[in-house]
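# Geometric and topological summary
Letter by letter, the chains look like this.
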Amino acid sequence: RGLLKYDYFGGLTLSAGTVFDVTGDPRYPNNPDWTAFIPGFDSRLIFPDDSHTGYGDHITGFFVPPTNGNYMFYIKSDDASQFFMNPNGSDPAGSTFQMEETGCCHGFSANPSPQPLALTNGQLYYVETIHKEGGGGDYVQVAAKLDSDPANPDSLLPIPPSMVGILA
């Protein structure tokens with residue numbers, strides 16, 4: 001519990017591009033330049049500033065709901081990113097596209113999952129992001145909340161360590 005896997009793919013174009021610049025790279029997904037582990041769904045935990053350019057990243061792991069309920073997910077990034085999830089469990093093969101940031105810098109409210117997902121407390125649900133960074137800001141973040149929570153999505157923080165995990 002508490003970590004997600006972060007794979008880094010350097011040497012990509014400096015243009016903003018799309019996530020296909022990452023997935024079309026021959027190293028993706030099994031041969032990243034390096035791998036790290038981050039405590040939460042926030043790439044700022046790897047690159048806390050905007051000094052990196054021309055790379056892609058792939059974050060994988062599990063979302064672990066703290067309570068039963070219908071969850072909404074949100075993504076924001078600089079530059080393009082996509083979020084996938086298996087709403088039925090832990091198998092990566094069952095993951096489906098949920099939402100994307102096509103360019104840069106919108107708030108969480110601009111990129112919600114298409115509908116609330118009924119999830120069970122303590123169950124593992126496979127999640128992943130693919131992110132392409134050109135130049136300027138460097139981040140991808142995912143947030144989640146119960147659909148009954150009235151909080152503005154733009155006030156949410158990225159998913160914390162208590163709600164993520166990996167198999168080791």
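To keep things clear, this report deals only with the structure shown in the data block. Computed from a predicted structure; not experimentally measured. (Residues numbered from 1 in each chain as written. Predicted model: local features only at pLDDT ≥ 70, side-chain atom pairs only at ≥ 80, totals over all residues. Heavy atoms only, no water.)

### A word on the overall build of the chain
Applied cut-off: Segments assigned H or I by DSSP are reported as helices when at least four residues long, segments assigned E as strands when at least two residues long, and all are numbered from the N terminus. Our radius of gyration is a C-alpha quantity, and the globule rule it is checked against amounts to 2.2 Å times the number of residues to the power 0.38. The classification of residues rests on relative accessible area computed with a 1.4 Å probe and restricted to protein chains. Under 20% of the type maximum is buried, over 50% is exposed, and intermediate values are partly exposed. When checking whether two residues touch, look at their non-hydrogen atoms; a contact exists if any pair is within 4.5 Å. The method behind every accessible area is Shrake-Rupley, applied with a 1.4 Å probe, and residues are considered shielded solely by the protein chains displayed. Neither His nor the chain ends is counted toward charge; the positive residues are Lys and Arg and the negative residues Asp and Glu. Here the site of a charge means atom NZ of a Lys, CZ of an Arg, CG of an Asp or CD of a Glu.
A count of helices and strands for the chain gives one helix and 10 strands. The order of α-helices and β-strands along the chain, N terminus first, is β-α-β-β-β-β-β-β-β-β-β. Computed over the C-alpha atoms, the radius of gyration of the chain is 15 Å, within 12% of the 15 Å expected from 2.2 N^0.38 for a compact globule of 168 residues. In terms of overall dimensions, the chain has C-alpha extents of about 40 × 35 × 25 Å along its principal axes. The burial tally for the chain puts 49% of its 168 residues in the buried class. The contacts of the chain with a sequence gap of at least 6 include a subset with a gap of at least 24, amounting to 80%. Of the roughly 7300 Å² that the chain leaves accessible, carbon and sulfur atoms contribute 54%. When the 7 positive and 19 negative side-chain charges of the chain are each reduced to one mean point, those points stand 4 Å apart.

### Observations regarding the nonpolar core
Basically, it comes down to this: Nonpolar core, defined: a set of buried Ala, Val, Leu, Ile, Met, Phe, Trp, Tyr and Cys residues in which side-chain atoms within 4.5 Å join the residues together.
Core analysis: the biggest nonpolar cluster contains 25 residues, and Phe 41, Phe 63, Phe 73, Phe 83, Met 85, Leu 119 and Ile 159 have the highest contact counts within it. Ignoring anything within four residues of it in the chain, the contact list for Ile 159 reads Gly 40, Phe 41, Phe 63, Phe 73, Val 142, Ala 143, Ala 144 and Val 164. Listed in part, the seven residues of the second largest apolar core include Phe 9, Leu 12, Val 22 and Ile 130.

### Observations concerning the environment of Val 127
Within the element layout of this structure, Val 127 appears in strand E8 (residues 125-133). By relative accessible area, Val 127 is classed as buried at 1%. Considering only alpha carbons, one finds Val 127 and Gly 89, 38 residues apart in sequence, at a separation of 9.7 Å. Excluding anything up to four places from it in sequence, Val 127 contacts Phe 41, Ile 59, Thr 60, Gly 61, Phe 62, Phe 63, Phe 83, Phe 84 and Met 85.

### Observations concerning the pattern of salt bridges
Stated precisely, the cut-off is as follows: When a carboxyl oxygen of Asp or Glu lies within 4 Å of a side-chain nitrogen of Lys or Arg, that pair is called a salt bridge.
Under the defined criterion, the tally for this structure stands at four salt bridges. Residues Asp 7 and Lys 5 are paired through a salt bridge, measuring 3.8 Å at the closest nitrogen-oxygen approach. Asp 33 is paired through a salt bridge with Arg 27; the nearest N and O atoms lie 2.8 Å apart. Assessed through its relative accessible area of 41%, Asp 33 is described here as partly exposed.

### Re the packing of aromatic side chains
Spelled out, the test is: Centres within 6.5 Å are what make two rings of Phe, Tyr or Trp a pair, Trp counting through its six-membered ring; a difference in plane orientation under 30 degrees is then read as stacked, over 60 as edge-to-face, and the rest as tilted.
One pass over the full model with this rule turns up 14 aromatic pairs. Ring geometry for Tyr 8 and Trp 34: centres 4.8 Å apart, planes at 15 degrees, overall stacked. Here the residue Tyr 8 occupies a position in strand E1 (residues 4-9), and Trp 34 occupies one in strand E2 (residues 34-38), the gap between them amounting to 26 residues. For Tyr 8, a relative accessible area of 14% puts it in the buried group. Residue classification places Trp 34 among the partly exposed positions, given a relative accessible area of 33%. Residues Phe 84 and Phe 97 carry aromatic rings whose centres are separated by 5.8 Å and whose planes lie at 70 degrees to one another, so their mutual orientation is edge-to-face. Here Phe 84 is found in strand E5 (residues 81-85), whereas its partner Phe 97 is found in strand E6 (residues 96-101), with 13 residues between them in sequence.

### A word on the sheet that holds strand E4 (residues 69-78)
Definition in use: For two strands to be treated as a pair, DSSP must find at least two bridges joining them. Under this scheme, a helix contributes an axis fitted over its contacting stretch, all axes are lines through C-alpha atoms, and angles between N-to-C directions fall in the 0 to 180 degree range.
Pairing in this open sheet of three strands is antiparallel, and the strands run E7-E4-E9 from one edge to the other. At either end of the open sheet lies a strand with only one pairing partner, and these are strand E7 (117-119) and strand E9 (139-146). Averaged over neighbouring strand pairs, the angle between their axes works out to 40 degrees when direction is ignored. Looking at chain direction, E4 and E9 are connected through eight bridges and run antiparallel. Across the sheet, Tyr 71 pairs through a bridge with Leu 146, a residue of E9.

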